[in-house]
Every structure is written in C-alpha cells, then in structure tokens.
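# Architecture and fold: a report
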Amino acid sequence: MDQHLIAIDLDGTLLKDNKTISDRTYDVIQKAKQAGHIVVIATGRPYRASKMYYEQLQLTTPIVNFNGAFVHHPKDDSWGMYHTPLQLGTVKEIVEVSRKYNVRNILAEVMDDVYFHEHDEQLLDLFNLGNPNVYIGNLRDILRKDPTCILILSDEQNVGRIRTYLSDVHANVIDHRSWTAPWHVIEIVRTGIHKAVGLEKIASFYGIPRERVIAFGDEDNDIEMLKWAGVGIAMGNAIEPLKAIADDVTKTNEEDGIAVYLQSLLKL
C-alpha cells in the first residue's frame, strides 16, 4: 500500500459533538499510523486549543492551525514555522468601520494572545481553552502586533452587510468566511490563506503527491482543503456546499465517519 497523508479537521469531523474522540476512530487512526500513513490535524483552532487532541493521537507530524495562517511542527523546531498574519493597519480600519454595523464584539488573536474589543463572559469562556493571555479594550489602542486572525461577532441580519463591505473594500488583502449558527461570526484571515496552503507544505515535506492526500472536513473552511486533496471526504453532517465539491461523503462525526472511511479505503 502506498503511503498516504491523512488530514483531519477537528470540530464536527474528528470530534464528536461532546468534543471527544471515539474509541473506534482513535483505534483506526493508530492503525493507519502503524501501517505507515501520515496523519495531520488541519483546524481553524489555534494550537493551544488543539494540542490536547494532537497529544491524545500521539502525533509526531506538523499541524495546520488558524485555517492555514499558522503551520508548524510541535515536535521539531527545525521544520519551520509559517505564520501569515493580517496587516495591523487593515485590521484597525475594519474595527473603525465596524462601529456603523453595530457589531456585538471583535476579537483579534495574535498566536496565543487574545484581544477583546468588549468584555463578554460567554466569549471569554469560549476562547479561554489553552489559557491564552487575554486583553480587553479598544482594539485600535491595545492591538500592537499584526494579528493571526480577527473575528467579528454580529447580529445575524448584519453578517451579509459586513461581508459585502469586506469584499468591496479589502478583497485584495483579506479573505473572510462566516460560521454557522448559533454563532454569527465573520472570521477574517490574510488573503490566500486556507487549510490547503498548510497541507501543501506538509505534503511537499513528506514527498507525498496530491493524489495520495486524503482530507476530511465538515464546514466551509474545509472547502479548499477538500478540493486540493486527491481524495476529499465530507462528513455526513457537513454543510451541503462542502458535500457538493467533495469526492465522497462518509458517515457523521457521531457515527465514526473517519474510521468507517479509512477502514474501507486503506483496508485497515
């Protein structure tokens, strides 16, 4: 069997709804590694919020975080560290203009530092995973470094208006996508940044061609990765646009979709 690179999203894909890895999925991933295949995590989460799953799976490979804005090897500093942040000036412009859209809050992440434009206990709980350094205040004043990404929390009816502004004014320097309910969040990264960028770096390092890259995902931040991979697999619980571009659809994250597909494809 030829060696494959297996890229796995976390939330809604590897993880069950209770944010755990099922025993069956864990066992199949270990069998894939023992068979010589390479397993990597590709997630929108920062490393601090994905480290526990990286360690649980006993991985010794690079990892894609922040949807490709940060790619590194936790076990090998010599592998390289690829951080592609937004430009601070652009972020401050967006913060200024966002006031007229009555946004609920804006967050900026600079690696393991999280900046909140407004105090929000619910969001503090959500983003506290991994114990980041947290700062609260006007982002135009307290943000001093180029952020890895920013998140705009809006009322549902304003999401479209904000995204139209972002596309009209900043399309040459940023890319943006919206989260699904219950969070009406617009996530912004530097233009051209997505999970496939990180996955391509990793595949090149291991000398694995695209046709032997298998990628699993469930949301729109997985679209580029599934398109790029030789075998792009949407979870059964994935959004319809992802299923439409995927090469195949497996069972849901609650039904061990990754394990089911890998066992069949790789004869594990």
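Residues numbered from 1 in each chain as written. Predicted model: local features only at pLDDT ≥ 70, side-chain atom pairs only at ≥ 80, totals over all residues. Heavy atoms only, no water.

## Things to note about the sheet that holds strand β12 (residues 213-217)
Sheet strands pair via backbone hydrogen bonds, and the direction of the pair is either parallel or antiparallel. Pairing is parallel across the open sheet formed by 5 strands, whose spatial order is β2-β1-β12-β13-β14. The open sheet has two edge strands with one neighbour each: β2 (38-41) and β14 (248-249). As defined by bridge partners, strand β1 (residues 5-8) adjoins β2 across 4 bridges and the pair is classed as parallel. Following the sheet pairing, isoleucine 8 is matched in β2 by isoleucine 41. (Pairing = 2+ DSSP bridges. Helix = DSSP H or I, 4+ residues; strand = E, 2+ residues; numbered from the N terminus.)

## A closer look at the domain arrangement of the protein chain
When the parts of a complex come together, some accessible area is lost, and that lost area is often taken as the interface size. The assigned domain composition of the protein chain is domain 1 (3-81 + 192-264) and domain 2 (86-188). Relative to domain 2, the C-alpha centre of domain 1 lies at a distance of 26 Å. On the domain 2 side, the residues contacting the 17 residues of domain 1 number 15 residues. Between domain 1 and domain 2, the buried area comes to about 1,200 Å², and carbon and sulfur atoms account for 49% of it. Contact with domain 2 buries area across many residues of domain 1, yet Arg48, Phe66 and Asp220 alone supply 50% of it, more than any other trio. The interface formed by domain 1 and domain 2 contains 4 salt bridges. Among the salt bridges present, the one from glutamate 109 reaches arginine 48, with a minimum N-O distance of 2.9 Å. Inspection of the domain 1/domain 2 interface yields 6 residue pairs in polar contact (both at pLDDT 80 or more). Of the residues that constitute the side of domain 1 that touches domain 2, the class distribution is 8 nonpolar, 4 polar and 5 charged. (Domains from an automatic or database assignment. Contact = heavy atoms within 4.5 Å. Buried area = accessible area lost by both parts, 1.4 Å probe. Salt bridge = Lys/Arg side-chain N within 4 Å of Asp/Glu carboxyl O. Polar contact = N/O pair within 3.5 Å; in protein donor to acceptor, adjacent residues only side chain to side chain. Nonpolar A, V, L, I, M, F, W, Y, C, P; charged D, E, K, R; others polar.)

## Some words on the side chain of histidine 4
Position of histidine 4 relative to the elements: it lies in the segment before β1. Ignoring any residue separated from it by four or fewer positions in sequence, one finds histidine 4 in contact with His37, Ile38, Ile208, Arg212, Ile214 and Leu266.

## Quick look at the packing of helix α2 (residues 23-34) against helix α11 (residues 257-266)
Where α2 contacts α11, the two axes come as close as 8 Å, and the packing angle between them is 35 degrees. For the pair α2 and α11, the crossing hand works out as left-handed. In this structure, α2 uses Arg24, Thr25 and Val28 to contact α11, whose residues at the interface are Ile258, Ala259, Val260, Leu262 and Gln263. Classifying every residue of the contact of α2 with α11 gives 5 nonpolar, 2 polar and 1 charged. (Axes fitted to C-alpha atoms, helices over the stretch in contact; angles between N-to-C directions. Left-handed = near helix turned anticlockwise from the far one by under 90°.)

## Here we look at helix α4 (residues 88-98)
Along α4, the residues classified as buried are Leu88, Thr90, Val91, Ile94, Val95 and Ser98. Looking straight down α4, one finds that the buried residues subtend no more than 160 degrees of arc, so they occupy a single side. Looking at the buried positions of α4, the neighbouring elements they touch are β6 (105-110), α6 (139-142), β9 (149-153), α7 (159-170), β10 (174-178) and β11 (185-190). (Buried < 20%, exposed > 50% of the residue type's maximum accessible area, 1.4 Å probe, protein only. Arc of directions from axis to C-beta.)

## Re the nonpolar core
Core analysis: the largest hydrophobic core is formed by 27 residues, its most contacted members being Ile6, Ile8, Leu14, Ile214, Phe216 and Leu262. Every element with two or more residues in this core is listed here: β1, α1 (10-14), α2, β2, α3 (51-56), β12, β13 (231-234) and α11. In terms of residue count, the dominant contributor to this core is α11 (5 residues). Once residues within four sequence positions are removed from consideration, leucine 262 is found in contact with Ile6, Val28, Ile214, Phe216, Lys267 and Leu268. Ranked by size, the runner-up nonpolar core spans 24 residues in total, among them Ala7, Val64, Ala238 and Leu242. (Core = buried A, V, L, I, M, F, W, Y, C linked by side-chain atoms within 4.5 Å.)

## Here's the deal with the sheet that holds strand β8 (residues 133-136)
Read across the sheet, 6 strands follow the order β8-β7-β6-β9-β11-β10 without closing on themselves; strand pairing throughout is mixed. Both edges of this open sheet fall to β8 and β10, since each of them pairs with a single strand only. The sheet shows a mean angle of 20 degrees between the axes of neighbouring strands, taken without regard to direction. Judged from the 4 bridges that link them, β9 and β11 form a sheet pairing that is antiparallel. For isoleucine 152, the partnering residue across the bridge sits in β11 and is isoleucine 186. Packing against the sheet, α4 makes contact with β6, β9, β10 and β11, and its axis sits at approximately 5 degrees to β9. Relative to β10, α7 is tilted by about 165 degrees, and along the sheet it contacts β9, β10 and β11.

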